[in-house]
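# Structure at a glance
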Amino acid sequence: MSRQSRDAWAVLGVPPGSPADMVRAQYLRLVRLNHPDRYSGNPVEQARHEEVMKEVTWAYQEIVQGRATVPAPPPPPPHRNAPGPRRPVDIRELQCRAHGRWAVVFCTVCGTPLCSRCDESLSGYCPAHRPKSAF
Ligand SMILES: [Zn+2]
Ligand SMILES: [Zn+2]
């Protein structure tokens, strides 16, 4: 079969992953719409709707029997502040630049790693950004 099972949602005209009762309601609606009795005086139309019904029945079977998979949503566009894939931690980002010691706080303004000697009072500011009034 060349047709992909996931196309079944489109054939039935329901959003992928629709609940079973919604799928069934739509199927019954299409059965009514394409019923051969509606086109009893028109063999051409009757034959056409018969073909449509074959498609619809196929799609309904695919969905109720769980073969019509829901296509995976497209990956979200990369965002600057998104956590994203974890990159390995650069050890230099965890050590202060002045003393090469492990940072205990990071400057809240520039993010500079600060060891307990850089920022003795653990104010969270590097020397360049430390508010004068705090000392
Ligand atoms: Zn330091
Ligand atoms: Zn700073």
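Note that this is a predicted model, so its numbers are computed, not measured.

### A word on unusual backbone geometry
One non-glycine residue with positive phi stands out, namely Leu122, at about 50 degrees. Along the chain, Leu122 falls in the segment after β2 (113-114).

### A few points about the domain arrangement of the chain
Bring the parts together and some accessible area is lost; that lost area is often taken as the interface size. For the chain, the domain assignment lists domain 1 (5-64) and domain 2 (90-135). Placing the centre of domain 1 and that of domain 2 at their C-alpha centroids yields a distance of 67 Å.

### So, the coordination of the zinc ion (ligand 2)
Coordination of the zinc ion (ligand 2) by the protein involves Cys107 (SG), Cys110 (SG), Cys126 (SG) and His129 (ND1), with metal-donor separations of 1.9 to 2.3 Å. For the zinc ion (ligand 2), the 4 donor atoms in the first shell make angles of 96 to 117 degrees at the metal, so the coordination geometry reads as tetrahedral. Here the donor residues for the zinc ion (ligand 2) map to a single chain with the spacing C-x2-C-x15-C-x2-H. With Cys107 in the loop between β1 (105-106) and β2 and Cys126 in the segment after β2, this pair connects stretches of sequence that are 19 residues apart. An identical accessibility class is assigned to Cys107 and Cys126; each is buried.

### Quick look at the packing of aromatic side chains
Tallied over the full model, the rule gives 1 aromatic pair. With a centroid separation of 4.0 Å and 5 degrees between ring planes, the pair formed by Tyr27 and Tyr60 is classed as stacked. With Tyr27 in helix α2 (residues 20-33) and Tyr60 in helix α3 (residues 43-64), this residue pair connects regions lying 33 residues apart in the sequence. Residue classification places Tyr27 among the buried positions, given a relative accessible area of 15%. When its relative accessible area of 12% is taken as the criterion, Tyr60 is described as buried.

What counts and how
Residues numbered from 1 in each chain as written. Chains lettered and ligands numbered in written order. Predicted model: local features only at pLDDT ≥ 70, side-chain atom pairs only at ≥ 80, totals over all residues. Heavy atoms only, no water. Helix = DSSP H or I, 4+ residues; strand = E, 2+ residues; numbered from the N terminus. Domains from an automatic or database assignment. Donors = N, O, S within 2.8 Å, 3.2 Å for Na, K, Ca; no water. Tetrahedral: all angles 85-135°; square planar, octahedral: opposite > 155°, others 65-115°. Buried < 20%, exposed > 50% of the residue type's maximum accessible area, 1.4 Å probe, protein only. Phe/Tyr/Trp six-rings, centres within 6.5 Å; stacked < 30°, edge-to-face > 60°.

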